[in-house]
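Geometric and topological summary
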Amino acid sequence: VLVGAPKAESKYSTSVQSPGAVFKCRVHTNPDRRCTELDMGRGNSRGMLCGKTCKEDRDDEWMGVSLARQPKAGGSVLACAHRWKNIYYETEYILPHGFCNIIPPNLQPNGRKLLPCYEEYKKKYGEEHGSCQAGIAGFFTEELVIMGAPGSYYWTGTVKVLNLTDNTYYKLNDDAVIARRYTYLGYAVTAGHFSQPTTMDVVGGAPQDGGIGKVYIFRTDRRSGSLIKIFQASGKKMGSYFGSSLCAVDLNSDGLSDLLVGAPMFSEIRDEGQVTVYINRGNGVLEEQLVLDGDSAYNAHFGESMAALGDIDDDGFSDVAIGAPKEDNYIGAVYIYHGDANGIVPQYSMKLSGQTINPMLRMFGQSISGGVDMDGNGYPDMTVGAFLSDNVVLLRSRPVITMDISIFLPASINITAPQCHDGLQPVNCLNVTACFRFSGKRVPGEIGLNYNLTADVAKKEKSQQPRVYFVTSGETVGQITEKLQLSYMQEKCEHYLAYVKKRVKDVISPIVFEAAYSLGEHVVERGKEDKELPALKPILRWKKGQKIAQRNQTVFERNCQSDDCAADLKLQGKLLLSSVDDRTAYLALGAVRNISLNISISNVGDDAYDTNVFFNFSGELFFIKMWQKEELGIACELLESDFLKCSVGFPFMRSKSRYEFSVIFDTSHLSGQEEMLTFLVTAQSGNLERTESLHDNTLTLSVPLMHEVDSSING
């Protein structure tokens, strides 16, 4: 691990005051976890000449302020010191040009020294590249060295791009880009395949542009040797420092780079920070997908640093880390986000808090680097700098296990034909099969899996009674908990029998089965143990914030002719008084003891599920009983003293069927205060019923009340 320490003293340049240094830290055979300074061959003398009109001053040059790795086997490393000064004209001007060093792959001191802003006989501070401070940001591709120079042209800034193949610098001459002073273009730089998968384009951030910040993408034009702008985007809020951090990464694996732009001082309350994600639509056209903000923590500076990590979860899409170094009162945190086919998953999969790693850390997440597999387990790892506490943390990626789980159920359940017996009577049942298999890159050959199989989970989530149950060792349960040992890529299936409860009311909503799972205890194979970097326990694939579970569903069989399964209920009925005289058109108070409602309900639509007839009646009446000629499966219950519900034709009222029944009430307690005795009768089912056929679903039956005097005159 190479670490920049911009404020360090250098043991190789003791006569220079705090020039900064680059340290190398061995990951293996380093029990004390010590880091040693890299000798860059800079020498120990002050004021060395570096050109015709060039004399160096390395005091406080901040070597290691930026480090960049060349992405190829045997690649070099770029290390910069943006406060390096040319003091050749020190009586008039001190020129902070900035300095970069290309460290060879073997980390020997014979690196290539770069002064991208030095020009002979140019001595004015501020003008042209006099105060350019090259190297405050650096990026390395296979053939380009990209150095940000925010101080050029009176802090308009520019991007210095060196082509290593033909050893020439590309010039940025676009007047529209460099028209305004103090925009700090080059404060952050990166590069990627923005216009097409085969070309490398350069990105520069200008966090002070217009006060809101801007980011530019340039293509490198070989013929003219210049950088040509192909895209720009602006920040949304004053002072957010949009463009002060950049990350080019192909999130959706389409061969084109997408772009993350940090605005670490974006404030709702104070400097929470945010990152804007732009997805590449081709030809350098980027479209804003969304904004990430971590936990929106106070003063977190989320987006201060960002790094492409490579594919840490083995799903074929690149992942990114975003630092929030001031979160939690300067302890810091790093958030992990995942790429997917649409771009980026908006929810982070993991928040690495400095507090939990080591409470001594300060500003953990100020710098991040990823994409290198340090422990050889096939997954790229990540290093994070904690600048205020002088620490670097190596975080290793765990092997990811992908579970392939299938739940097999019958397509539907025929509720009218019970297939099983519960010892007393026939019941409906269904076979449930759960099959498990795991795969993954460099994962163990065998794992333990814990799972819970839940019946009718949708009802359970609504705190309703499940309609289906399992029987284990003589007890009825809604959930089965099991442990399994699985071998790599070998499917194992478990079979269960589930029973349907009697008199299920809801036969419309589907029955959902869920297998929720977690890894059991995992034993790391002994003997292959690496003492310094022991094998890591595997982890289950993250499901983009969803529950780690698999679901499948079945339904109760329905006999539907129409697409929407609409029922069409029709109510008819009349009142019958238990008086001697059938022709009386009124109810004589005191004389008539009870009254009967004769109801006929028919269904001319599709099978009607959960059909009910409701009766609203006077509180002075008392329900006596329901009477049916033969046992038709009608059952009545009093829900309130004046509200009766009768369920008809359970579990469903067949299409073209008709039911007749009578409901009898006691009338002996009527006071006679009302002139009419009224019943409101309503029919309803669990199916949809079309508006045009609802008119015959209600019925109002009434009869006048009379005081009848039975007088006889004798004389």
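Residues numbered from 1 in each chain as written. Predicted model: local features only at pLDDT ≥ 70, side-chain atom pairs only at ≥ 80, totals over all residues. Heavy atoms only, no water.

You'll find the chain entered in an unreviewed UniProt entry as ITA9 protein, with Pandion haliaetus given as the organism. Comment text from UniProt for the chain, heading Subcellular location (unreviewed entry), reads "Membrane". The UniProt entry for the chain carries the following text under Sequence similarities (unreviewed entry): "Belongs to the integrin alpha chain family." (UniProt positions renumbered as here; feature names shortened; annotations may be inferred.)

Moving on: a nonpolar patch on the surface. Together, Tyr 330, Phe 387 and Leu 388 make up an exposed nonpolar region whose accessible area comes to about 280 Å². On the secondary structure map, Tyr 330 appears in helix α2 (residues 327–330). On the accessibility criterion, Tyr 330 (30% relative accessible area) is partly exposed. (Patch = residues over 30% accessible without salt bridge, like charges linked within 9 Å, V, L, I, M, F, W, Y side chains within 5 Å. Areas by Shrake-Rupley, 256 points an atom, 1.4 Å probe, with all protein chains shown as cover. Salt bridge = Lys/Arg side-chain N within 4 Å of Asp/Glu carboxyl O. Helix = DSSP H or I, 4+ residues; strand = E, 2+ residues; numbered from the N terminus. Buried < 20%, exposed > 50% of the residue type's maximum accessible area, 1.4 Å probe, protein only.)

So, about the environment of Ala 191. For Ala 191, the position within the fold is in strand β15 (residues 188–192). Owing to a relative accessible area of 6%, Ala 191 belongs among the buried residues under this scheme. C-alpha of Ala 191 to C-alpha of Val 145: the two residues are 46 residues apart in sequence and 9.9 Å apart in space. Setting aside residues no more than four positions away along its own chain, Ala 191 makes contact with Phe 139, Thr 141, Ile 146, Met 200, Asp 201, Val 202, Val 203 and Ala 248. (Contact = heavy atoms within 4.5 Å.)

Okay, the UniProt feature "repeat: FG-GAP" (unreviewed entry) in the chain next. The positions that UniProt labels "repeat: FG-GAP" (unreviewed entry) are, in the present scheme, residues 228–287, 289–346 and 349–412. Here residues 228–287 is 0% helix and 45% strand, with 20 Å between the C-alpha atoms at its ends. Overall, residues 349–412 shows 6% helix and 53% strand. The separation of its end C-alpha atoms is 37 Å.

Among the secondary structure elements, Val 471 is positioned in strand β37 (residues 468–472). A C-alpha to C-alpha distance of 21 Å links Val 471 and Lys 505, two positions 34 residues apart in sequence. Filtering out sequence-adjacent residues up to four positions away, Val 471 remains in contact with Thr 476, Leu 497 and Tyr 499.

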